[in-house]
Amino acid sequence: MINVIKNISIEKLMYKLSASVVYAILSAVALNFFFQPGHVYSSGITGLAQIFTTLSYKLLGHDIPVSITLYLLNLPLLVLAWLKIGKRFTIYTVITVTLSSIFIHAIPEYTMTTDPIINSIFGGAVMGAGIGYALRSGISSGGTDIVSLYIRKKTGRQVGNISLLFNGVIVIIAGVLFGWQYMFYSLLTIFVSSRVTDAIYTKQRKMQATIITKHPVEITQALHQKLHRGVTVVNSAEGGYTRANMTLLITIITQAEYQEFKCIMKETDPTAFVSIAENVKVLGRFVEDDN
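Being a predicted model, the structure only gives us computed values, none of them experimental.

### What to know about the overall build of the chain
What the chain contains, in helices and strands, is 11 helices and 4 strands. Within the chain, the proportion of its 291 residues that are buried is 42%. Across the chain, the fraction of contacts at a sequence separation of at least 24, relative to all contacts at a separation of at least 6, is 77%.

What follows is the structure, given as structure tokens:
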């Protein structure tokens, strides 16, 4: 582990650490200000930790703090990540999970409102903002993220159904423990959280850029060097009006790279014609930046 940490640059480590702190604070606020007072369950491993805390009171007569159950539930998954996913990924995840548990324990629970609908909406929004920021910064909050990455790495299949099943079990247990109306409150939380996460995390949204230019070499080199994206070159394209000889370039970028892509185009060929198609599907190789 020490050798792995030594190979991580200080700048990158500090960037990941700051992102972990932001996620930890937001998750603690969502949990202690909204979910716990409103008896609303979060999605993923956080929701499962809430369930264990509730059951501990019913079975043992006293609460095991959510911060402890959250950390204990993540421990076997962190071992799986270290052995099967990657050591650097695991180190970042250990930092995030540890900070989350610390902030959840340190920030006191505070009842802002007892209305479960308000708690569901605002708690889901805060938690979704934290998850989205973490994903955009290239860190994992642990839990089901580890399971999803492992299955995707092992089988190459999409794992959305596993997350759906896991969250379905959580909301059903919420209904059993508190009443079926709370199942719907938890579903509302999961929906709001996923929408906010999608709004913030844009790396998964792919865009196709079609470029018509007289400077294909400069643009191709810049896209390779700055965005690390491949480019398909179609030579001898002809303008329908001017009959000028042009080159057609096709590349796929993520929405998170769009602003940098625009800067590249302004620097290399500000007169190029560029068409952008959003939310395209890609079959075949497309490099995902997981660092």
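Structure shown, so let's carry the discussion forward.
### Section: empty space enclosed by the protein
This model, assessed by the stated rule, comprises 1 cavity of 30 Å³ or more. What the largest cavity holds in volume is close to 70 Å³. In this structure, the largest cavity is lined by Tyr 23, Ser 27, Ile 45, Thr 46, Leu 70, Asn 74, Val 97, Ser 100, Ile 104, Met 127 and Ser 141. Counting only elements with at least two residues in the lining of the largest cavity, the list comes to helix H2 (10–38), helix H3 (44–60), helix H4 (66–84) and helix H5 (87–106). Looking at the lining of the largest cavity, the element that brings in the most residues is H5, giving 3 residues.

### Structural notes on the packing of aromatic side chains
Under the defined criterion, the tally for this structure stands at 3 aromatic pairs. A centroid spacing of 6.5 Å and a plane angle of 20 degrees characterise the contact between Phe 34 and Phe 122, whose relative ring orientation is stacked. Here Phe 34, found in helix H2, pairs with Phe 122, found in helix H6 (residues 116–136); they are 88 residues apart in sequence, far enough to count as distant. Overall, Phe 34 belongs to the buried group, its relative accessible area being 10%. Take Phe 122: its relative accessible area is 48%, and that puts it in the partly exposed class. Aromatic pair Tyr 182 and Tyr 185: ring centres 5.3 Å apart, planes at 80 degrees, arrangement edge-to-face. Residue Tyr 182 and its partner Tyr 185 are both found in helix H9 (residues 180–200); the two are separated by 3 residues, about one turn of the helix. Here Lys 16 stacks its cationic end above the ring of Tyr 92, 5.2 Å away from the centre of that ring.

### Concerning the pairing of strand S2 (residues 232–238)
Note that S2 and strand S3 (residues 245–254) share 5 bridges and pair antiparallel. Note that in S3 the partner of Val 234 across the bridge is Leu 248. Hairpin connection, S2 to S3: the antiparallel pair is bridged by 6 residues, and Arg 243 has positive phi, about 65 degrees.

### As for the environment of Ile 200
Summarising the element assignment, Ile 200 is placed in helix H9. Between the alpha carbons of Ile 200 and Gly 128 there is a distance of 8.5 Å; along the sequence they are 72 residues apart. Excluding residues within four positions of it along the chain, Ile 200 makes contact with Gly 128, Ala 129, Gly 132, Tyr 133 and Arg 136.

### Points about the nonpolar core
Counting residues in hydrophobic clusters, the biggest one holds 27 residues, and the most contacted among them are Phe 35 and Ile 146. Among the secondary structure elements, those contributing two or more residues to this core are H2, H3, H4, H5, H6 and H9. Tallying contributions element by element places H2 first for this core, with 7 residues. Ignoring any residue separated from it by four or fewer positions in sequence, one finds Ile 146 in contact with Leu 77, Leu 78, Leu 80, Ala 81, Ile 85, Phe 89 and Thr 93.

### With respect to unusual backbone geometry
Peptide bonds are, in most cases, trans, and in most cases residues other than glycine have a negative phi. Positive phi, normally seen in glycine, also occurs at His 39, with a value near 55 degrees. Mapped onto the secondary structure, His 39 falls in the loop between H2 and H3.

### Things to note about the layout of surface pockets
Estimated volume of the second largest pocket: approximately 410 Å³. Lining the second largest pocket we find 21 residues, and of these Gln 36, Thr 53, Asp 63, Val 66 and Glu 109 sit closest to its centre. Those elements giving two or more residues to the lining of the second largest pocket turn out to be H2, H3, H4 and H5. No other element matches the 5 residues that H3 contributes to the lining of the second largest pocket. Of the residues contributing to the lining of the second largest pocket, the split by class is 10 nonpolar, 8 polar and 3 charged.

Calculation rules
Counting restarts for each chain: residues are numbered from 1 in the order of the written sequence. Owing to the predicted nature of the model, reporting of local features is limited to residues with pLDDT of at least 70; listing and counting of side-chain atom pairs is limited to 80 or more, with chain, interface and lining totals taken over all residues. Computation of side-chain values covers all heavy atoms of the structure but excludes hydrogens and water. The helix count covers DSSP runs of H or I at least four residues long, the strand count covers runs of E at least two residues long, and both are numbered beginning at the N terminus. The buried label applies to any residue whose accessible area, calculated with a 1.4 Å probe on protein chains only, is under 20% of its type's maximum; exposed applies above 50%, and partly exposed to all values in between. A contact between two residues is defined here by any heavy atoms of the two lying within 4.5 Å. The way it works is a 1 Å grid over only the protein atoms, where trapped points that fit a 1.4 Å probe form a cavity and open points with protein on both sides within 12 Å along at least five of seven lines form a pocket, and then any residue with an atom within 4 Å of a point lines it. Grid points are joined across faces, edges and corners, and a volume is the space filled by probe spheres set on the points. A pair of Phe, Tyr and Trp rings is counted when the ring centres sit within 6.5 Å of each other, with Trp represented by its six-membered ring. The angle between the planes then sorts it: under 30 degrees is stacked, over 60 is edge-to-face, the rest tilted. By definition, being over a ring means that NZ of Lys or CZ of Arg is both within 6 Å of the ring centre and within 35 degrees of the ring normal. One requirement defines pairing of two strands: DSSP has to find at least two bridges between them. What is meant by a nonpolar core is a set of buried Ala, Val, Leu, Ile, Met, Phe, Trp, Tyr and Cys residues, joined one to another through side-chain atoms within 4.5 Å. All residues other than Ala, Val, Leu, Ile, Met, Phe, Trp, Tyr, Cys, Pro, Asp, Glu, Lys and Arg, Gly among them, are scored as polar; the first ten of these are nonpolar and the last four charged.

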